[in-house]
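Each chain, letter by letter, is given below.
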Amino acid sequence: MMQDYKIIWANCLRIIKENLGPDNEQVYKTWFEPIVPIQLEDNVLTIRVPSQFFYEWLEEHFLDLLKKTIRLQLGPNGMLKYSILMDTSIDETPITTSLPSSGKQATYNRPKDVPMVLNGDDHTIANPFVIPGLQKLKINSQLNGNYTLENFVEGSCNQLARSAGYAVAENPGRTAFNPLLLHGGVGLGKTHLAHAIGIKTKELHPESIVLYVTSEQFLQQYVNAVRNKNTNDFVHFYELIDILILDDIQFWASKGPHTQETFFHIFNYLHQQNKQIIITSDKAPSELGSLEPRLLSRLKWGLSADLGVPDVETRKAILKQKLSNDGIEMPEDVIEYIAYNINTNVRELEGALISLIAQSSLNHKKITIDLAKQMIDKFVKSTTREITIDYIQKVVCDYFKLPVDSIQSPTRKREIVQARQLTMYFAKKMTKSSLAIIGMQCGNKDHATVLHACKTVANLNETDKQFHFWVDELEKKIKG
Ligand code: ADP
Ligand code: MG
């Protein structure tokens, strides 16, 4: 008699396996093989499941199958009782559910110490007994609603990544882009695009479970899981995800070998189930040498889409989009000025815009090109060593011992005209600014004046020894 429950459960497994069919062998292995029968008492079969999560999943997806099976084995009054293996220091907490036909309400007390705590408290898992059979697993996707695809301005720098992202959202797990690796320097929109794909996927496939997680969070969760001895729950949790977005995988370089190994297994599992994986990295796969080799090789399975530095037109479009989102108006020339001068990445572009808006509203100043200039001057100096028109002006004026603002004055004094022309010449040569912008910054001249200045300087540089010397010296000074 003692062995009865084992035999009964073995019979149940056989029925379950048959019902699932050969196509679902993996399902069977994942969800039924780990179950351990514990006892049979008064027609109640107790089985032990590895986690809360596991139990909820069984109830959600296999309730009918379990009911039928138990009925077949134990008759119409048969019941199933789950026991969840908690932390080894805690006793097993049995959860009783009325299966299949007693009609009694199930009693279910969520254990205080639910093992499924993922680094914080924002992962809520629906209590499966609230609406038996209908409830959906609720996971906080951690998606930032501001980072939509609609807000992600398209340019040649991001076209491939953006359209691959769209394809993935339309058909998660079913394109050749699995995994989709978004790669690009800091501040170029990897995180934004990753969120956007997640949001779009949810929009197009509301049933899908999307999870955004940074590599740092993942590592921390894993470490906690190890500490709390519930790595199985951790893994099971991740294996439930349909679209897994892992941000900044380069964070793992040369750290967390076990985390990487665990992720490797989760990756394989999800990939095999045609679940979508999206990974971002600010290094190309070839530069991620310190990542676990097997994991690295997986990254190469899908598509690696690059995000580049946006060109000036795209930068303008991004600024305009941010402004219209915030309902702020800004003169076109100011937008242009910022777009031309901040050419490192989108984050700095946004930073400059925000500082300018803050400056103007804090000091009740109108947003003008002058204010933009002052602000960007500070901004650029503190963030990059980019050569700007202002910087060139300063070097030229210092060299000729002229006040910096003399170039702005309408004077026709020869030495000032010369300094202005040299500034224009170097600005054309050493910055990406347009002739119009250069003119604007050198005393409000038009582009024809700038063009003329450039030709004049080039001529003198070839014919006039003294002038040639100045040009040489200045170029060295500007380059630093
Ligand atoms: P990364 O993750 O590559 O370091 P982010 O995704 O955090 O960069 O982007 C930095 C900022 O720039 C974010 O605020 C993001 O919204 C913005 N951004 C980047 N690319 C674009 C784009 N193409 N259109 C609109 N905003 C963008
Ligand atoms: Mg990022």
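Everything discussed here concerns the structure shown above.
(A) Spotlight on the overall build of the protein. Regarding its fold elements, the protein presents 18 helices and nine strands. Out of the 480 residues in the protein, the part that is buried amounts to 51%. When contacts within the protein are restricted to residue pairs at least 6 apart in sequence, long-range pairs at least 24 apart make up 70% of them. Carbon and sulfur atoms provide 51% of the accessible area of the protein, an area that totals close to 23500 Å².

(B) Structural view of the pattern of salt bridges. Taken as a whole and assessed by the stated rule, the structure comprises 14 salt bridges. Between K29 and E25 there is a salt bridge, and its shortest N-O distance comes to 3.5 Å. In this pair, K29 and E25 are both assigned in helix α2 (residues 25-31), four residues apart and thus about one turn of the helix distant. By relative accessible area, E25 is classed as partly exposed at 42%. By sharing partners, the salt bridges in this structure join E150, K200 and E203 into a single network.

(C) Fine view of the site of ligand 1. With respect to spatial proximity, 19 residues lie near ligand 1, and among them G187, K190, T191, H192 and E350 are the closest. Coverage of ligand 1 by the protein chains reaches 93% of its 560 Å² of free accessible surface. Looking at the shell around ligand 1 residue by residue, the classes come out as seven nonpolar, eight polar and four charged.

(D) How the structure looks around helix α11 (residues 332-341). Across the 10 residues that make up α11, a large majority, seven, are buried. Those residues of α11 that sit buried are V334, I335, Y337, I338, A339, Y340 and N341.

(E) How the structure looks around the packing of aromatic side chains. Per the stated rule, a full pass over the model turns up 16 aromatic pairs. Look at Y425 and F426: their rings are 5.1 Å apart centre to centre, the planes differ by 70°, and that puts the pair in the edge-to-face class. With respect to class, Y425 is no different from F426; both count as buried. Its guanidinium or amino end placed over the ring of F251, K255 lies 3.9 Å from that ring's centre, counting from NZ or CZ.

(F) Main features of the pairing of strand β9 (residues 303-307). Alternating positions in β9 separate cleanly, L303, A305 and L307 being buried on one face and S304 and D306 remaining unburied on the opposite face. Across five bridges, strand β5 (residues 180-184) lies against β9 in parallel orientation. Looking at the pairing, L181 lines up with S304 of β9.

(G) Seen up close, the environment of A448. Structurally, the position occupied by A448 is in helix α17 (residues 447-463). For A448, a relative accessible area of 41% corresponds to the partly exposed category. Along the backbone, A448 and A436 are 12 residues apart, and their C-alpha atoms lie at a distance of 8.5 Å.

(H) Local environment of the side chain of Q321. Position of Q321 among the secondary structure elements: in helix α10 (residues 312-326). When its relative accessible area of 13% is taken as the criterion, Q321 is described as buried. Dropping the residues within four chain positions of it, Q321 is found in contact with N151, F152 and V153.

(I) Representation of the packing of α10 against α11 within the structure. The interhelical angle for the contact between α10 and α11, taken along N-to-C directions, is 125°, at an axis separation of 9 Å. Relative to α11, the element α10 lies oblique. Helix-helix and strand crossings are classified by hand; for α10 and α11 the assignment is right-handed. Contacts between α10 and α11 involve V312, R315, K316, L319, K320 and L323 on the former and, on the latter, E332, I335, E336, I338, A339 and Y340. Grouping the constituent residues of the contact of α10 with α11 by class yields seven nonpolar, no polar and five charged.

(J) Local environment of the sheet that holds β9. One open sheet holds the five strands; their spatial order is β6-β7-β8-β5-β9, and the pairing between them is parallel. With one partner strand each, in any of the chains shown, β6 (210-214) and β9 form the two edges of the open sheet. Taken over all neighbouring pairs, the strand axes of this sheet differ in orientation by 15° on average, direction set aside. Of the strands in this sheet, β5, β6, β7 (243-247), β8 (276-281) and β9 are in contact with helix α5 (residues 190-204), which crosses β5 at around 150°.

(K) The arrangement of the pairing of β7 in detail. With five of its five residues buried, β7 lies for the most part within the structure. By the alternation rule, side chains of β7 split into I243, I245 and D247 and L244 and L246, which are all buried. Bridging between β6 and β7 involves five bridges; their strand directions are parallel. Looking at the pairing, V213 lines up with L246 of β7. Alignment of β7 against β8, held across four bridges, turns out to be parallel. Across the sheet, I243 pairs through a bridge with Q276, a residue of β8.

Procedures and definitions
- Residues numbered from 1 in each chain as written.
- Chains lettered and ligands numbered in written order.
- Predicted model: local features only at pLDDT ≥ 70, side-chain atom pairs only at ≥ 80, totals over all residues.
- Heavy atoms only, no water.
- Helix = DSSP H or I, 4+ residues; strand = E, 2+ residues; numbered from the N terminus.
- Buried < 20%, exposed > 50% of the residue type's maximum accessible area, 1.4 Å probe, protein only.
- Contact = heavy atoms within 4.5 Å.
- Areas by Shrake-Rupley, 256 points an atom, 1.4 Å probe, with all protein chains shown as cover.
- Salt bridge = Lys/Arg side-chain N within 4 Å of Asp/Glu carboxyl O.
- Near = heavy atom within 4 Å.
- Nonpolar A, V, L, I, M, F, W, Y, C, P; charged D, E, K, R; others polar.
- Phe/Tyr/Trp six-rings, centres within 6.5 Å; stacked < 30°, edge-to-face > 60°.
- Lys NZ or Arg CZ within 6 Å of the ring centre and 35° of its normal.
- Pairing = 2+ DSSP bridges.
- Axes fitted to C-alpha atoms, helices over the stretch in contact; angles between N-to-C directions.
- Parallel < 35°, antiparallel > 145°, perpendicular 65-115°, else oblique.
- Left-handed = near helix turned anticlockwise from the far one by under 90°.

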